[in-house]
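As a plain string of letters, each chain reads:
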Amino acid sequence: MTAKPTARVIVGVIPGQPDAVVLQAATFARRFNAELVCASVDVNRYMVFDLGDGSMTSIPLDPDLVDPGEPGFEPGLLAHLTALLADVDVVWSTRSLAGDPALALGGLADTLGAAMIVVGTREATVRASLGEFFNGSVAAHLAHRQHRPVVVIPLAPVAVDEALPWEPS
């Protein structure tokens, strides 16, 4: 690409997430000639000040934690994204956010005027399903609080004749 894209596609990223989520988001970004913004949300911190450019200052939820300063993007995750996107023809960047993932991703999308937000589903384990049941999924929260498209990449679809993860087997 010769010019930096003005449109943006935001993808929520977490360590250990299947590559399919980022790669599909990169496909959307490439098709829309958009920048791919990989956003990681630290749920153990909360935003203190929005810097207006998609970045923020934050502090830990636990006041007893020693705060070594503003954390950056997790180095292992950055290295993984760098390797994953090395051969993908898309302009991309990272953002480190804090707080509730749905609110943080939605706020970033508002700030950057994103075309869409891409997230993955959770693993289909009983523990993940219970957490999603009590806390709600990031995708569901985004879908009800956004005016822009929220694309959910299925990571472990359940066959039509199988019980859903939260249903008894």
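Residue indices begin from 1 for each chain and proceed along its sequence in written order. Given that the model is predicted, a residue must reach a pLDDT of at least 70 before its local features are reported, and side-chain atom pairs must reach 80 or more before they are shown or counted; all residues, however, enter totals for whole chains, interfaces and linings. To get the side-chain values, take all heavy atoms of the structure and skip hydrogens and water.

## Topic: the overall build of the chain
- Of the regular secondary structure elements, the chain holds five helices and seven strands.
- Taken from the N to the C terminus, the helices and strands of the chain come in the order β-α-β-β-β-α-β-α-β-α-α-β.
- The buried share of the chain, taken over its 169 residues, is 36%.
- A contact between two residues is defined here by any heavy atoms of the two lying within 4.5 Å. Put simply, 71% of the contacts in the chain that link residues at least 6 apart link residues at least 24 apart.
- Per-residue and other accessible areas were derived by the Shrake-Rupley procedure at a 1.4 Å probe size, with only the shown protein chains allowed to occlude residues. Accessible area of the chain: about 9,800 Å², with a carbon and sulfur share of 58%. Per the convention used, a helix needs a DSSP run of H or I reaching at least four residues, while a strand needs a run of E reaching at least two, with both numbered from the N terminus. For every residue, the accessible area (1.4 Å probe, protein chains only) is compared with the maximum for its type, and the residue is labelled buried under 20%, exposed over 50%, or partly exposed between those bounds.

## Description of the confidence of the model for the chain
- A residue's pLDDT is the predictor's confidence in that residue, given on a scale from 0 to 100. Averaged over all residues, the pLDDT of the chain is 78; the fraction at 70 or higher stands at 70%.
- Within the chain, the lowest mean pLDDT, 42, falls on helix α4 (residues 126–135), and the highest, 96, falls on helix α1 (residues 19–31).

## So, the sheet that holds strand β5 (residues 92–98)
- Taken together, five strands build an open sheet; the order of strands is β5-β2-β1-β6-β7 and the sheet is parallel. Among the strands making up the open sheet, the edge pair consists of β5 and β7 (150–153). Across the sheet, the mean angle separating the axes of adjacent strands is 25° when strand polarity is ignored.
- One bridge is not enough; two strands pair if DSSP finds at least two bridges between them. Two elements, strand β1 (residues 7–12) and strand β2 (residues 34–42), share six bridges in a ladder whose sense is parallel. Every axis corresponds to a line fitted to the C-alpha atoms, with the helix fit spanning only the stretch in contact, and the corresponding angles, defined between N-to-C directions, vary from 0 to 180 degrees.

## A word on the environment of W92
- Its place among the elements puts W92 in strand β5.
- W92 sits in the partly exposed class, given a relative accessible area of 24%.
- In the structure, W92 is positioned 83 residues away from V9 in sequence and 9.4 Å away in space, judged by C-alpha atoms.

## Here we look at empty space enclosed by the protein
- Buriedness for pockets is judged along seven lines, at least five of which must meet protein on both sides within 12 Å for an open set on the 1 Å grid over protein atoms alone, while cavities are sets there where a 1.4 Å probe fits but cannot get out, and lining residues have an atom within 4 Å of a point. Grid points are joined across faces, edges and corners, and a volume is the space filled by probe spheres set on the points. What the rule picks out here adds up to one cavity of 30 Å³ or more.
- Its volume calculated, the largest cavity comes out at about 50 Å³.
- Around the largest cavity, the lining residues are V13, I14, Q17, P18, D19, V22, L77, H80, L81 and L84.
- No other element matches helix α2 (residues 75–84), which puts four residues into the lining of the largest cavity.
- Polar here means any residue other than Ala, Val, Leu, Ile, Met, Phe, Trp, Tyr, Cys and Pro, which are nonpolar, and Asp, Glu, Lys and Arg, which are charged; Gly is therefore polar. Its residues assigned to classes, the lining of the largest cavity comprises seven nonpolar, two polar and one charged.

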